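Per-entry structural report
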Amino acid sequence: MRCAARLSFARSTKQPPFDGCVGTAYGYTILGAFHGKSNGVDMDLGIRGRSAIVCASSQGLGKGCALALAEAGVALVINGRNPELLEQTAQEIRKAWSVPVTPVLADVSTAEGQAALLKACPTPDILVNNNAGPPVRNFRELDRQAILTGVTMNMVTPIELIQKVIDSMVNRGFGRIVNITSYSVKMPIVGLDLSSGARAGLTAFMAGICRTVADKNVTINNLLPGSFDTQRLRGNLSLAAKRNQVSDAEAAARSMATIPAKRFGNPAEFGQTCAFLCSVHAGFMTGQNVLLDGGAYPGAF
Ligand SMILES: NC(=O)c1ccc[n+]([C@@H]2O[C@H](COP(=O)([O-])OP(=O)(O)OC[C@H]3O[C@@H](n4cnc5c(N)ncnc54)[C@H](OP(=O)(O)O)[C@@H]3O)[C@@H](O)[C@H]2O)c1
């Protein structure tokens, strides 16, 4: 797995493909050299033939995880609420990696949505928890319902899904659970306090539980994205652009300038890290918070 990136400010209207670090947005291009496909020396992740539920995976980081697991030979349940986008992603993954892909159209935050995911794959070997995050908001503007909704999306929902799959993983002696959280768990982001709080709650909740199943080869880890080039990031940058009365491209350039890597992350490289955490090689690694942020978090530890 290699990834390097450079920026070109040539105008482009193409959507970013997810089979490499090449993406376009805001009128500039993020070019990279991420090699997602085999060059003959790829690591065997040892999970070919396993099954996974990847929540909220019709685009963005969830899709990056689904693609990387498919590359490793894992049969997938993918999920989203937009039927066209979900079906398009299912077809794309099947075409790229020839693995079974079952799209489940459902809101993962609801009991019905979770039941539909579990019906499609009652005993997954791998669970990737993901969901939308709360909107950027001054915390003074959050009413009780908004707070409860945020906590439900980013803390309660992953806990409920883990409750439903963990015992069958323990019984089979293999399980990998990855929670997509955020680097805001370690470093506050203005206006995303609800997201930070709910995800920190999930992290603390799982810290004890992961130690109770580690001896059964079941691991629970958290992946903490910094700024990744997805629809969510673009939406947040557009809001920042309006607030600061600059173009979207200028808002993106300013944001990238604050990241030591001087670029946004790509969902494909996020997915490869997720697939490694789900691999046979990561069985001794549990309860960890893995930052993927291009160096944005400034601490030594
Ligand atoms: N991108 C970043 O830089 C970044 C940084 C830190 C944290 N995060 C967090 O990482 C997570 C993923 O972000 P992203 O950037 O990949 O977002 P994204 O590009 O907006 O993609 C979100 C995906 O989740 C699906 N989804 C949303 N709500 C859902 C629901 N209730 N049930 C089922 N599927 C749902 C969406 O499809 P539908 O809308 O069709 O359902 C879509 O496939 C979010 O929680 C975000 O806050 C992202």
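Here we summarise the structure given alongside this text. Remember, predicted model here, so these are calculated numbers, not experimental data.

**So, the overall build of the chain**
Assigned secondary structure in the chain consists of 8 helices and 10 strands. In the chain, buried positions account for 50% of the 301 residues. Put simply, of all contacts in the chain between residues at least 6 apart along the chain, 72% involve residues at least 24 apart. Accessible surface, the chain: about 14200 Å² in total, of which carbon and sulfur atoms supply 56%.

**Details of the side chain of Ser-255**
In this structure, Ser-255 sits in helix α7 (residues 248–257). Apart from residues lying up to four places away in sequence, Ser-255 is in contact with Leu-237 and Phe-264.

**Quick notes on the site of the ligand**
In the vicinity of the ligand there are 28 residues, among which Ser-58, Arg-81, Asn-131, Phe-228 and Thr-230 approach most closely. Arg-81 is positioned with one of its side-chain polar atoms (N or O) 2.7 Å from an oxygen atom of the ligand. Within the residue set of the shell around the ligand, elements represented by two or more residues are α1 (60–71), β5 (75–80) and α6 (231–244). Per-element accounting of the shell around the ligand gives the leading share, 3 residues, to α6. Of the residues belonging to the shell around the ligand, the class tally is 9 nonpolar, 15 polar and 4 charged.

**Some words on the packing of aromatic side chains**
Aromatic rings considered in pairs are described by the distance between their centres and by the relative angle of their planes. Applying the stated criterion to the full structure yields 1 aromatic pair. Positioned above the aromatic ring of Phe-174, the side-chain terminus of Arg-50 is 3.8 Å from the ring centre.

**Looking at the environment of Val-128**
Along the chain, Val-128 falls in strand β7 (residues 126–129). Taking relative accessible area as the criterion, Val-128 reaches 0% and is therefore assigned buried. Distance from Val-128 to Ile-180, taken between C-alpha atoms, is 7.3 Å for residues 52 residues apart in sequence. Residues within four places of Val-128 in sequence aside, it is in contact with Ile-53, Val-54, Cys-55, Cys-65, Leu-69, Val-178, Ile-180 and Cys-274.

**A word on the pattern of salt bridges**
As enumerated under the stated definition, the model contains 8 salt bridges in all. Bridged by salt links that share partners, the residues Arg-50, Asp-125 and Arg-172 form one connected network.

**Notes on α7**
Every buried residue belonging to α7 is among Ala-251, Ala-252, Ser-255 and Met-256, and all of these are buried. One side of α7 holds all its buried residues, which, seen down the axis, span an arc of 130°.

**Some thoughts on the nonpolar core**
Judged by nonpolar contacts, the single largest core of 34 residues is most densely connected at Ile-47, Leu-69, Leu-76, Ile-93 and Ile-126. Of all elements in the fold, only β4 (51–54), α1, β5, α2 (83–97), β7, β8 (175–180), α8 (267–277) and β10 (289–292) reach the threshold of two or more residues within this core. Counting residues per element, this core draws most heavily on α1, which supplies 7 residues. With residues up to four places along the chain from it excluded, the contact list for Leu-69 reads Ile-47, Ala-52, Val-54, Val-74, Leu-76, Ile-126, Val-128, Ala-275 and Cys-278. Among the nonpolar cores identified, the runner-up in size contains 23 residues, and Leu-118, Leu-161, Val-165 and Leu-202 belong to it.

**As for the environment of Ile-147**
Assignment of secondary structure puts Ile-147 in helix α4 (residues 144–172). Residue class for Ile-147 comes out partly exposed when judged on its relative accessible area of 36%. Sequence-wise, Ile-147 and Ala-198 are 51 residues apart; in three dimensions their C-alpha atoms are separated by 9.1 Å.

Conventions we followed
Residues numbered from 1 in each chain as written. Predicted model: local features only at pLDDT ≥ 70, side-chain atom pairs only at ≥ 80, totals over all residues. Heavy atoms only, no water. Helix = DSSP H or I, 4+ residues; strand = E, 2+ residues; numbered from the N terminus. Buried < 20%, exposed > 50% of the residue type's maximum accessible area, 1.4 Å probe, protein only. Contact = heavy atoms within 4.5 Å. Areas by Shrake-Rupley, 256 points an atom, 1.4 Å probe, with all protein chains shown as cover. Near = heavy atom within 4 Å. Polar contact = N/O pair within 3.5 Å; in protein donor to acceptor, adjacent residues only side chain to side chain. Nonpolar A, V, L, I, M, F, W, Y, C, P; charged D, E, K, R; others polar. Phe/Tyr/Trp six-rings, centres within 6.5 Å; stacked < 30°, edge-to-face > 60°. Lys NZ or Arg CZ within 6 Å of the ring centre and 35° of its normal. Salt bridge = Lys/Arg side-chain N within 4 Å of Asp/Glu carboxyl O. Arc of directions from axis to C-beta. Core = buried A, V, L, I, M, F, W, Y, C linked by side-chain atoms within 4.5 Å.

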